[in-house]
Amino acid sequence: NSADYPKISDIISLTFVQTNINIVNDDNVDSTFSGTTCSSLIYCPTKIISSNVGDSRCVVGKFDGKSWKAKNLTRDHKPNEEDEKKRIIDKGGRIESYKDEDGEFVGPERVWLKTENVPGSFGDDVAHTVGVIAQPEIFEYNIVYEDKFILLASDGIWEFISSDECVNIVKD
């Protein structure tokens, strides 16, 4: 029932936030510097509700009868995105790539504490202090005939290949 979609979105949002609280408050889990990303989706008969925190991603593989295309169902929360960057800087965080032993920047930009080389992500107690949040971004997508499959993957994939490349690998 489409009238239930706003309720579903509220439940998803509360679940992400409560999961973060549970992890941080669990004495059996050291969440000081341990975090993650999370993308999830709910598949309904005519709609997909996707949610995301961090830089995992949900993608639908589409085929129009001639060519394959990717449609992102989530938005990566990278620290160089303007809204992410503003929140992190406003909370006293720092955004830059990892520095190797020679002081050279390596890899993608990440969130760090202002004066320490300590990174952070969702579920990470320390990262929360510099603007990393557990509130997911939620999207609704209407399913159409051209939609053939769905991909969910972490930044371990998306840092190296695009959504279109991934669809072209999986389609076969």
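Notes on the structure follow. (Residues numbered from 1 in each chain as written. Predicted model: local features only at pLDDT ≥ 70, side-chain atom pairs only at ≥ 80, totals over all residues. Heavy atoms only, no water.)

## Section: the overall build of the protein
Here is step 1 of the chain: In terms of regular secondary structure, the protein is built from five helices and eight strands.
Here is step 2 of the chain: In terms of principal-axis extent, the alpha carbons of the protein reach across some 55 × 40 × 30 Å.
Here is step 3 of the chain: Taken over 172 residues, the protein has a buried fraction of 36%.
Here is step 4 of the chain: Pairs at least 24 residues apart make up 56% of the contacts formed inside the protein by residues separated by at least 6 positions.
Here is step 5 of the chain: Approximately 10200 Å² of the protein is accessible, and the part contributed by carbon and sulfur atoms is 52%.
Here is step 6 of the chain: When the 19 positive and 31 negative side-chain charges of the protein are each reduced to one mean point, those points stand 7 Å apart. (Helix = DSSP H or I, 4+ residues; strand = E, 2+ residues; numbered from the N terminus. Buried < 20%, exposed > 50% of the residue type's maximum accessible area, 1.4 Å probe, protein only. Contact = heavy atoms within 4.5 Å. Areas by Shrake-Rupley, 256 points an atom, 1.4 Å probe, with all protein chains shown as cover. Lys, Arg positive; Asp, Glu negative; His and termini not counted. Charge placed at Lys NZ, Arg CZ, Asp CG, Glu CD.)

## Remarks on the sheet that holds strand 1 (residues 38-43)
Here is step 1 of the chain: Taken in spatial order, the three strands of this open sheet run 1-2-7, and their pairing is antiparallel. Either end of the sheet is taken by a strand with one partner, and the two such strands are strand 1 and strand 7 (137-142). Pairs of neighbouring strands in the sheet enclose a mean axial angle of 15 degrees, with direction left out of account.
Here is step 2 of the chain: Looking at chain direction, strand 2 (residues 47-53) and strand 7 are connected through six bridges and run antiparallel. Bridging across to strand 7, Ser51 finds its partner in Ile138. (Pairing = 2+ DSSP bridges. Axes fitted to C-alpha atoms, helices over the stretch in contact; angles between N-to-C directions.)

## Things to note about the sheet that holds strand 8 (residues 147-153)
Here is step 1 of the chain: Spatial strand order, 4-3-8: three strands in an open sheet with antiparallel pairing. Edge positions in the open sheet fall to strand 4 (68-72) and strand 8, since each of these has one partner strand only. If you compare each strand with its neighbour and ignore which way they point, the axes differ by 25 degrees on average.
Here is step 2 of the chain: Where strand 3 (residues 57-63) lies against strand 4, five bridges are found, and the strand directions are antiparallel. In the sheet register, Gly61 faces strand 4, and the bridge partner there is Ala70.

## Some points on the packing of aromatic side chains
Remark: the centre distance and the inter-plane angle together describe each pair of aromatic rings, the angle taken between the planes.
Here is step 1 of the chain: Under the criterion given, the structure shown has two aromatic pairs.
Here is step 2 of the chain: Ring geometry for Phe63 and Trp68: centres 4.9 Å apart, planes at 35 degrees, overall tilted.
Here is step 3 of the chain: Residue Phe63 is classed as partly exposed on the basis of its relative accessible area of 25%.
Here is step 4 of the chain: Among the residues examined, Trp68 registers a relative accessible area of 24% and is labelled partly exposed.
Here is step 5 of the chain: Centroid distance Trp68 to Phe149: 5.6 Å. Interplanar angle 35 degrees. Geometry classified as tilted. Of the two residues, Trp68 is situated in strand 4 and Phe149 in strand 8; the sequence distance between them amounts to 81 residues. (Phe/Tyr/Trp six-rings, centres within 6.5 Å; stacked < 30°, edge-to-face > 60°.)

## Some words on helix 5 (residues 163-170)
Here is step 1 of the chain: Among the residues of helix 5, those classed as buried are Ser163, Cys166 and Val167. One side of helix 5 carries all its buried residues, which in axial view fall inside an arc of 100 degrees.
Here is step 2 of the chain: The secondary structure elements touched by the buried residues of helix 5 are strand 3, strand 4, strand 8 and helix 4 (155-158). (Arc of directions from axis to C-beta.)

## Looking at the pattern of salt bridges
Here is step 1 of the chain: Scanning all chains against the criterion turns up twelve salt bridges.
Here is step 2 of the chain: Residues Asp147 and Lys62 are paired through a salt bridge, measuring 2.6 Å at the closest nitrogen-oxygen approach. Of this pair, Asp147 sits in strand 8 while Lys62 sits in strand 3, and the two are 85 residues apart along the sequence.
Here is step 3 of the chain: A relative accessible area of 14% means that Asp147 is categorised as buried.
Here is step 4 of the chain: A salt bridge links Arg75 to Asp83; its shortest N-O distance comes to 2.8 Å.
Here is step 5 of the chain: Among the residues examined, Asp83 registers a relative accessible area of 39% and is labelled partly exposed.
Here is step 6 of the chain: One continuous salt-bridge network, built from bridges that share partners, spans Arg75, Glu81, Asp83 and Glu137. (Salt bridge = Lys/Arg side-chain N within 4 Å of Asp/Glu carboxyl O.)

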